[in-house]
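Reading the structure
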Amino acid sequence: MIYLDSSVALAQLFAEDRQPPEDLWREPLTASRLLQYEVWARVHAHRLEAPHGDKVRDLLDAVAYIELTPPVLARALEPFPMPVRTLDALHLATLDFLQGHGQAIELASYDARLLAAARALRIPTRRL
């Protein structure tokens, strides 16, 4: 299962210089519910609702979401092997929760800091 980070979703939506391979979208995708908020915040910030709204909804509908439950939030309050940003802590806590419950998960991200923190937690990362 692939944990989809907003950097990858946004690269796909906005046809950035780097884009994930097409086969990524055929994999089972999951993410924290945060993904929806992060993506829509960027779409609204750039006033791209009209040209990209349907594409955003289609991409986000293809993802299974993990809620920010008390155990996930509690993990986010604990220290990480390296300093992390607030939203990264929530994503890492979600990844750690999934892995701790026996899920085979890989992080797909373009964010070097998030990838480094995931590796420090021994969470596999997807090379894009």
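Shown above is the structure to which this text applies.
Small disclaimer: the values here were computed from a predicted structure and weren't measured.

1. Re the overall build of the protein chain
- Secondary structure summary: the protein chain contains 6 helices and 5 strands in total.
- N-terminal to C-terminal, the α/β element order of the protein chain is β-α-β-α-α-β-α-α-β-α-β.
- On C-alpha atoms alone, the protein chain measures out to a radius of gyration of 14 Å, which is about the 14 Å that the 2.2 N^0.38 rule sets for 128 residues.
- Summarising its shape, the C-alpha atoms of the protein chain cover approximately 40 × 25 × 25 Å along the three principal directions.
- Looking at the 128 residues of the protein chain, the share that counts as buried comes to 45%.
- For the protein chain, restricting intrachain contacts to residue pairs at least 6 apart in sequence, the fraction spanning at least 24 positions comes to 68%.
- Summed over all atoms, the accessible surface of the protein chain reaches about 7,000 Å², with 54% contributed by carbon and sulfur.
- Across the protein chain, 14 positive and 17 negative side-chain charges occur, with their mean positions spaced 4 Å apart.

2. Regarding the packing of helix α2 (residues 34-45) against helix α5 (residues 86-100)
- Relative orientation of the contacting elements α2 and α5 amounts to 145°, with a least axis distance of 11 Å. Facing α2, whose interface residues are Leu34, Leu35 and Glu38, α5 presents Leu87, Leu90 and His91.

3. Focus on the pattern of salt bridges
- Overall, the coordinates contain 8 salt bridges when judged by the stated rule.
- Put simply, Arg33 and Glu67 hold a salt bridge, and the shortest N to O gap is 2.4 Å. Of this pair, Arg33 sits in the loop between β2 (29-32) and α2 while Glu67 sits in the loop between β3 (63-66) and α4 (70-77); the two residues are 34 residues apart in sequence, bridging distant segments of the chain.
- Residue classification places Glu67 among the partly exposed residues on the basis of a relative accessible area of 38%.
- For Arg75, the salt bridge identified is with Asp96, shortest N-O distance 2.9 Å. Linking Arg75 in helix α4 with Asp96 in helix α5, this pair joins segments that are 21 residues apart in sequence.

4. Quick word on the sheet that holds strand β1 (residues 2-4)
- Taken together, the 5 strands give an open sheet; going across it, the order is β3-β2-β1-β4-β5, and neighbouring strands pair in parallel fashion. Looking at strand neighbours, the two that pair on one side only are β3 and β5 (125-126), the edges of this open sheet.
- Two strands pair when backbone bridges link them, and β2 and β3 are joined in this way by 4 bridges, in the parallel orientation. Bridge pairing in β3 places Thr30 opposite Ala64.

Definitions and limits used
- Residues numbered from 1 in each chain as written.
- Predicted model: local features only at pLDDT ≥ 70, side-chain atom pairs only at ≥ 80, totals over all residues.
- Heavy atoms only, no water.
- Helix = DSSP H or I, 4+ residues; strand = E, 2+ residues; numbered from the N terminus.
- Rg over C-alpha atoms; globule rule 2.2 N^0.38 Å.
- Buried < 20%, exposed > 50% of the residue type's maximum accessible area, 1.4 Å probe, protein only.
- Contact = heavy atoms within 4.5 Å.
- Areas by Shrake-Rupley, 256 points an atom, 1.4 Å probe, with all protein chains shown as cover.
- Lys, Arg positive; Asp, Glu negative; His and termini not counted.
- Charge placed at Lys NZ, Arg CZ, Asp CG, Glu CD.
- Axes fitted to C-alpha atoms, helices over the stretch in contact; angles between N-to-C directions.
- Salt bridge = Lys/Arg side-chain N within 4 Å of Asp/Glu carboxyl O.
- Pairing = 2+ DSSP bridges.

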